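Each chain, written out:
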Amino acid sequence: MNRAELADFLRRGRGRLNPADVGLTAGARRRTPGLRREEVAALTGMSVDYYTRLEQSRGPRPSRQMLTALARALRLTDDERDHLFHLVGEEPPRREPTTAHVRPGLLLLLDRLYDCPAQVVTDCGDVLAQNAMARALVGDVFARPPRERNLTRLFFLDPAARDLFPPEDRPRHARDHVASLRAVAAARPDDPHPAALVAELRAASEEFARLWDKHEVSLRRPSTKRFRHPSVGLLELECEVLLSHEHHHLLIVHTACPGTESYERLQLLRVVGLQDMSPSGSGAGRD
């Protein structure tokens, strides 16, 4: 592990970013450009002391999970991410279509969507990034273990996630999840992840197994979805799906038509939901 080079690389990466680049407000006047150490620490989920020691060439060897979080927080390109891994003496993640590394441009776009819920997911349904509004609407998925951050898995195995939708809408969501997963599994027969997910869900969910046997196929597409939120009530939102072809990542954005009741409730969620996620609230999540 090259501690001196790692420290320099982290300092320079932090210095080239502005708070707006990562969805933060600038706040009080800053004496130096770039993000503060505590802001990078918050974005990665590590302590300020741990991150400070990394920048001072005296920190412990970061785990692969922590390196991935740093690459995401500092908006590193694929090449820069690989360099970060090499500095620590780790082999970089393979550049596969299903990589968990979200491109900086896509993260920048996600951060700019401050008034509507948005998430970056893989075509297999793994959530890779959420903005604050998405966490306010559906919860902080990153509070869960990595293997439980899959939308299809959550829908079929977590009653709380399923309860986000009105009962009469759930059969359609179930069919859509299964049909999309079948299309992905067929398109990537050599990828073990979709196959493992299918095997797990077929064994754990009778409903999933029954729908899987119907052999329906479809990809995630724009649609209208209704969400039941405990604080603001029922929201009817338009779900837009934008595809990043290079990595098979999807940017899923939920919006409401101005002037509608759902639009007003979405604005209320922006206030109520973000208050609940403040450090003093019970729903604090990652930035």
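Model, not experiment: these values are computed from the prediction.

What counts as what
- Residues numbered from 1 in each chain as written.
- Predicted model: local features only at pLDDT ≥ 70, side-chain atom pairs only at ≥ 80, totals over all residues.
- Heavy atoms only, no water.
- Pairing = 2+ DSSP bridges.
- Helix = DSSP H or I, 4+ residues; strand = E, 2+ residues; numbered from the N terminus.
- Expected span 1.5 Å × (residues − 1).
- Buried < 20%, exposed > 50% of the residue type's maximum accessible area, 1.4 Å probe, protein only.
- Axes fitted to C-alpha atoms, helices over the stretch in contact; angles between N-to-C directions.
- Left-handed = near helix turned anticlockwise from the far one by under 90°.
- Contact = heavy atoms within 4.5 Å.
- Nonpolar A, V, L, I, M, F, W, Y, C, P; charged D, E, K, R; others polar.
- Core = buried A, V, L, I, M, F, W, Y, C linked by side-chain atoms within 4.5 Å.
- Salt bridge = Lys/Arg side-chain N within 4 Å of Asp/Glu carboxyl O.

A. Expanded view of the pairing of strand 2 (residues 127-130). In terms of strand pairing, strand 1 (residues 118-122) meets strand 2 through three bridges, oriented antiparallel. When the bridges of strand 2 are listed, Val120 appears paired with Ala129. Between strand 1 and strand 2, which pair antiparallel one after the other, the connecting turn spans four residues, and Gly125 there sits at a positive phi close to 100°.

B. Representation of helix 10 (residues 170-187) in the model. Between its terminal C-alpha atoms helix 10 stretches 26 Å, which fits the 26 Å expected from 18 residues at 1.5 Å a residue. Residues of helix 10 that are buried include every one of Arg170, His173, Ala174, His177, Val178, Ala179, Ser180, Leu181, Arg182, Ala183, Val184 and Ala185, and no others.

C. Broad picture of the packing of helix 4 (residues 64-73) against helix 5 (residues 78-88). Where helix 4 meets helix 5, the closest approach of the two axes is 10 Å, and the angle between their N-to-C directions is 145°. The interaxial crossing formed by helix 4 with helix 5 has right-handed handedness. Contacts from Arg64, Leu67, Thr68, Leu70 and Ala71 in helix 4 reach Arg81, Leu84, Phe85 and Val88 in helix 5. Partitioning the contact of helix 4 with helix 5 into residue classes produces six nonpolar, one polar and two charged.

D. The arrangement of the nonpolar core in detail. Grouped together as the largest cluster of nonpolar side chains are 26 residues, with contacts concentrated most on Phe156, Leu181, Phe208, Trp212, Leu237, Leu266 and Leu269. Elements with a minimum of two residues in this core: helix 7 (132-138), helix 8 (151-157), helix 10, helix 11 (192-204), helix 12 (206-212), strand 4 (233-244) and helix 13 (261-276). Looking at this core, the element that brings in the most residues is helix 10, giving five residues. Not counting the four nearest positions on each side in its chain, Phe156 is found in contact with Arg162, Ala174, His177, Val178, Leu201, Ser205, Glu207, Phe208 and Leu211.

E. Just unusual backbone geometry, in detail. The phi torsion at Ser57 lies on the positive side, around 60°, for a residue other than glycine. Its location among the elements puts Ser57 in the loop between helix 3 (48-55) and helix 4. Positive phi, normally seen in glycine, also occurs at Arg75, with a value near 55°. Within the element layout of this structure, Arg75 appears in the loop between helix 4 and helix 5. The class for Arg75 is buried, based on a relative accessible area of 13%.

F. Highlighting the pattern of salt bridges. In this structure the tally under the stated criterion is 19 salt bridges. A salt bridge links Arg16 to Glu80; the nearest nitrogen and oxygen atoms lie 3.0 Å apart. Taken together, the residues span a long stretch of sequence, with Arg16 in the loop between helix 1 (3-15) and helix 2 (37-44) and Glu80 in helix 5 at a distance of 64 residues. The partner of Glu90 in a salt bridge is Arg61, and the shortest N-O contact between them spans 3.5 Å. Linking Glu90 in the loop between helix 5 and helix 6 (104-112) with Arg61 in the loop between helix 3 and helix 4, this pair joins segments that are 29 residues apart in sequence. Here the salt bridges share partners, and the residues they tie into one network are Asp8, Arg11 and Arg12.

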